[in-house]
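Below are the chains, spelled out letter by letter.
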Amino acid sequence: MKIYTIKYLFTSCFLLIASFAFTQATTVLVESVGGTTAYSDLQTALSAAQNGDKIYLSGGIHNPDGDNVIVNKQLEIVGAGFDLDTLVATNASIIRGNLTLVNGASNCILRGFKVEDGKLDIGSGLSSTDDVTNIFAELCWFEEGIDFSDSGNAQAPPSVFLIRHCAFGDVAVFYALDVTIQNCLVFGNLTTAYNGVVVDHCLFENGSSVTLEANNGMITNCIFLGSSFFSSGESNIFANNVFTDLTPGFDVEDQVENAFLSNEAAIFGELLDLNFNPDVDYSTLPGSIVAGNATDGSTIGHEGGTTPWPSNYLPNTPYIWNESTIATQTNSNGDLPVSIKVSAQ
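All values reported here derive from a predicted model rather than from experimental measurement.

**A closer look at the nonpolar core**
Working step 1: In this structure, Phe-113, Phe-142, Phe-168 and Ile-181 are the most contacted members of the largest nonpolar core, which totals 53 residues.
Working step 2: Looking at this core, the element that brings in the most residues is helix 2 (residues 42–48), giving 3 residues.
Working step 3: In this structure Ile-181 touches Ile-163, Phe-168, Val-171, Leu-190, Val-198, Val-199, Asp-200 and Cys-202, once residues within four positions along its chain are discounted.
Working step 4: In terms of nonpolar packing, the next biggest core, distinct from the first, is built from 22 residues, Ala-167, Leu-185, Ala-259 and Ile-300 among them.

Dropping the structure here:
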């Protein structure tokens, strides 16, 4: 993590920063080739944005009425993060209600915000000629899960999705191809009806279930806390996972090198909450059965692999850290001396 110190900002710059960091009013910046424009409403910003633009969400609650937020363009949407403990100054970036990607939203990037009282809905209402492809979501919290189940394009369903470093509830993969879920925290049920879903280095919370109704799925290097499993497809592989249940209710043909424990205390040192909470420490114990036993030699679960779960949930964009010094009057040059430490992951 890099720490930058900014000093001697002009008064107008300070006021802009203050509007982002120290008030509850939300601001949405649309960065395009022609410059950057500020909006006070998310849907208005989305309507004004053009393909390829980047949208920055300030801390606070966007779309407070909970209406369905529609994205129909190629955009990168970046928030400040969703963990209040590491966002004392900016507050978490929250979109209230469903976030729906429809035709035209291919190649979107979603990073660093929470979808509250809603889900990420991919392909809802698509016609037989529509398509949504190549979506990347990182460092987001989708409170009610991710839904690929309402696409009208069954002949050419949405495809190529990478969900990484996210926390979410239920995942329904009924109309989607080439879905990869990597280094995530899953607090609901995973159901697949299309072939080739890959789930690697994830943590599944107690009470979750995995149902594979398709073929050639691969679930590897994961930690399952009392989850149940059912597979009616063929050639679905569960390999090198750790289960905190001696009899997890398998109905899966291909099991390879899985381990079964009586509970999760041997992995985490305690029993975990049933719902995701950023304040909970999901770190595994050094020397436990998951340490160094993944297929790549790393830790089994969300902390392993080539892209381990980050400890602070923050996107790779500058945010204001809780340390600043602001003068009470301008200096002889007319500048207001300000020292703010800005940390970028």
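**Quick notes on the packing of aromatic side chains**
Working step 1: According to the stated counting rule, one finds 10 aromatic pairs in the structure shown.
Working step 2: Ring geometry for Phe-148 and Phe-161: centres 4.9 Å apart, planes at 65°, overall edge-to-face. In this pair, Phe-148 is assigned in the loop between strand 15 (146–147) and strand 16 (159–164) and Phe-161 in strand 16, connecting sequence segments 13 residues apart.
Working step 3: For Phe-148, a relative accessible area of 1% gives the class buried.
Working step 4: Where Phe-204 meets Phe-224, the ring centres are 4.6 Å apart and the plane angle is 25°; that geometry is what we call stacked. Separated by 20 residues along the polypeptide, Phe-204 in strand 23 (residues 203–204) and Phe-224 in strand 26 (residues 223–224) bring together distant segments of the chain. There is no split in this pair, since Phe-204 and Phe-224 are both buried.
Working step 5: Through pairs of rings, three or more aromatic residues link up here, namely Phe-82, Trp-141, Phe-187, Phe-276 and Tyr-282.

**A look at the environment of Ile-135**
Working step 1: Here Ile-135 is to be found in strand 13 (residues 133–138).
Working step 2: Taking the C-alpha atoms as reference points, Ile-135 and Val-179, 44 residues apart in sequence, are found 9.6 Å from one another.
Working step 3: Setting aside residues no more than four positions away along its own chain, Ile-135 makes contact with Leu-101, Ala-105, Ser-106, Asn-107, Cys-108, Val-160, Phe-161 and Leu-162.

**Let's talk about the pattern of salt bridges**
Working step 1: All told, the structure shown has 8 salt bridges when counted by the stated rule.
Working step 2: Here Lys-54 and Glu-76 are joined by a salt bridge, their closest N and O atoms 3.8 Å apart. Residue Lys-54 is found in strand 4 (residues 54–57), and its partner Glu-76 is found in strand 7 (residues 76–78); the two are separated by 22 residues along the sequence.
Working step 3: Judged by its relative accessible area of 23%, Lys-54 is partly exposed.
Working step 4: Through salt bridges with shared partners, a single ionic network connects Lys-54, Glu-76, Arg-111, Glu-138 and Arg-164.

**Topic: the side chain of Thr-211**
Working step 1: Along the polypeptide, Thr-211 turns up in strand 24 (residues 209–212).
Working step 2: Contacts of Thr-211, omitting those with residues within four sequence positions, involve Leu-190, Thr-191, Thr-192 and Phe-230.

**Topic: the sheet that holds strand 17 (residues 167–168)**
Working step 1: Taken in spatial order, the 10 strands line up as 5-8-11-14-17-20-23-26-29-31 in an open sheet, and their pairing is parallel. A strand with exactly one partner marks an edge of an open sheet, and here the two such strands are strand 5 (60–62) and strand 31 (259–260).
Working step 2: In this structure, strand 23 lies alongside strand 26, joined through 2 bridges in parallel fashion. Directly across from Phe-204, in strand 26, lies its bridge partner Phe-224.

What counts, and where the lines are drawn
Residues numbered from 1 in each chain as written. Predicted model: local features only at pLDDT ≥ 70, side-chain atom pairs only at ≥ 80, totals over all residues. Heavy atoms only, no water. Core = buried A, V, L, I, M, F, W, Y, C linked by side-chain atoms within 4.5 Å. Buried < 20%, exposed > 50% of the residue type's maximum accessible area, 1.4 Å probe, protein only. Helix = DSSP H or I, 4+ residues; strand = E, 2+ residues; numbered from the N terminus. Contact = heavy atoms within 4.5 Å. Phe/Tyr/Trp six-rings, centres within 6.5 Å; stacked < 30°, edge-to-face > 60°. Salt bridge = Lys/Arg side-chain N within 4 Å of Asp/Glu carboxyl O. Pairing = 2+ DSSP bridges.

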